[in-house]
Amino acid sequence: MENAFQSAARTRVKKELEQLHSNPPTGIQVWTKNDSLHELEAEITGPENSPYEGGRFLLHIELSSRYPLEPPQVRFKTPVYHPNIDSSGRICFDALNLPPKGAWRPCLNISTLLVSIRLLLVEANPEDALMAEIAEEYRKNYSLFVKKAKDHTQQQALVYSCTNKH
């Protein structure tokens, strides 16, 4: 796929990565996977005052040869207890899809996308959930949701932080 990665996409991704490395958004790190510009990994730290605080969450990002005309494919590799993130790490978030159902625009970039995903950890959207039971719990018993999300973060996201290698 690297050969198919168009020159314009390659140039843009290099520039975005340079900006992410020189001025990273709070709680976000990004790096290439296997020195490939179409395959990236990121780490998002759990936002303060959220059930995910203290957690370190690994994400996989895949960019098509049509990036930025098409959105990146992003999924969590670290399990997350969240209404908008399923057990395989898929994320229900409108900026990850093209219009008319999605909100991806070529003016968006990897940084803004990851900042938005980090904000999703603070403010879930239970009305557009991938995990119906968790969404129901979020709406009807928020304190139980917070307890489960914190416990899950302690079990999953802190274990990851001890084995992070990049």
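Residues numbered from 1 in each chain as written. Predicted model: local features only at pLDDT ≥ 70, side-chain atom pairs only at ≥ 80, totals over all residues. Heavy atoms only, no water.

Regarding the overall build of the protein
Moving on, step 1. In terms of helices and strands, the protein carries four helices and four strands.
Moving on, step 2. Reading the protein from its N terminus to its C terminus gives the helix and strand order α-β-β-β-β-α-α-α.
Moving on, step 3. Its C-alpha atoms give the protein a radius of gyration of 16 Å, within 12% of the compact-globule value 15 Å for 166 residues.
Moving on, step 4. Taking the principal axes of its C-alpha atoms as reference, the protein extends roughly 50 × 40 × 25 Å.
Moving on, step 5. Counting every position in the protein, which comprises 166 residues, the buried fraction comes to 46%.
Moving on, step 6. The contacts in the protein between residues at least 6 apart in sequence include a share of 58% that link residues at least 24 apart.
Moving on, step 7. Summing over all exposed atoms, the protein offers an accessible surface of approximately 9000 Å²; the carbon and sulfur share of this is 49%.
Moving on, step 8. Averaging the positions of the 19 positive and the 20 negative side-chain charges in the protein gives two centres separated by 2 Å. (Helix = DSSP H or I, 4+ residues; strand = E, 2+ residues; numbered from the N terminus. Rg over C-alpha atoms; globule rule 2.2 N^0.38 Å. Buried < 20%, exposed > 50% of the residue type's maximum accessible area, 1.4 Å probe, protein only. Contact = heavy atoms within 4.5 Å. Areas by Shrake-Rupley, 256 points an atom, 1.4 Å probe, with all protein chains shown as cover. Lys, Arg positive; Asp, Glu negative; His and termini not counted. Charge placed at Lys NZ, Arg CZ, Asp CG, Glu CD.)

Description of the environment of serine 111
Moving on, step 1. Residue placement: serine 111 occurs in helix α2 (residues 110–122).
Moving on, step 2. Between the alpha carbons of serine 111 and leucine 17 there is a distance of 8.8 Å; along the sequence they are 94 residues apart.

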